[in-house]
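Working through the structure, step by step
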Amino acid sequence: MNADCLDRQKQRNAELYVVNVCQKAVQNTNYRTEIWTGCYVQMTLMCIPVCSDIGLEIHEDTDQLIRIEQGMALIKMGNCKSRLDFQKEACKGDTIFVPAGTWHNVINIGRMPLKVSSVYAPPHHPAGTIQRTKEEAENAHY
């Protein structure tokens, strides 16, 4: 375990944590809420309003797993920003696996807020991240 990881664990008191992720996700009203960060993996919850999306993005060195906890989504992915060859609808219980270096977007196509849980490996956001809106997330610089 590296020194940065040990420092991070000390700061968070090496939290051991058990949680009902689906329940927490459904309760979450923030665009993004970090709920746990370890040395090698992180979980966040997201709430995407009707007719909105996560936004087209790529994580060069981070694998991501996104699980739909409530609502309906259109998933778009591809190796090129202008060519998202993979498109599929997803609903509650579906899981999307996004390999590092893949362009992707998750679009709310339902009639209620889309609630998702997201796992990043390695962690992608600072521990304690809470972003109330998509605009706040887009303006974050880390």
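Residues numbered from 1 in each chain as written. Predicted model: local features only at pLDDT ≥ 70, side-chain atom pairs only at ≥ 80, totals over all residues. Heavy atoms only, no water.

Concerning the sheet that holds strand β9 (residues 130-131)
The test is simple: At least two bridges found by DSSP between two strands are what make those strands a pair. Secondary structure elements are defined from DSSP: runs of H or I of at least 4 residues count as helices, runs of E of at least 2 residues count as strands, and each element is numbered from the N terminus.
With respect to topology, 6 strands assemble into an open sheet ordered β6-β3-β8-β2-β1-β9, the strand pairing being antiparallel. The open sheet has two free edges, formed respectively by β6 (95-98) and β9, since each of these has just one partner strand. Examined bridge by bridge, strand β3 (residues 63-70) and β6 share 4 bridges and lie antiparallel to one another. Looking across to β6, one finds that L65 is bridged to F97.

Here's the deal with the environment of R111
The topology assignment puts R111 in the loop between β7 (103-108) and β8 (114-121). As a C-alpha pair, R111 and V50 span 61 residues in sequence and 6.1 Å in three-dimensional space.

Here's the deal with the sheet that holds strand β5 (residues 86-91)
For clarity, the threshold we go by: As a rule, the C-alpha atoms of each element are fitted with a line to give its axis, helices using only the stretch in contact, and angles between N-to-C directions run from 0 to 180 degrees.
Read across the open sheet, the 3 strands follow the order β5-β4-β7; overall the sheet is antiparallel. Among the strands making up the open sheet, the edge pair consists of β5 and β7. The mean inter-strand angle of the sheet, taken between neighbouring strand axes irrespective of direction, is 20°.

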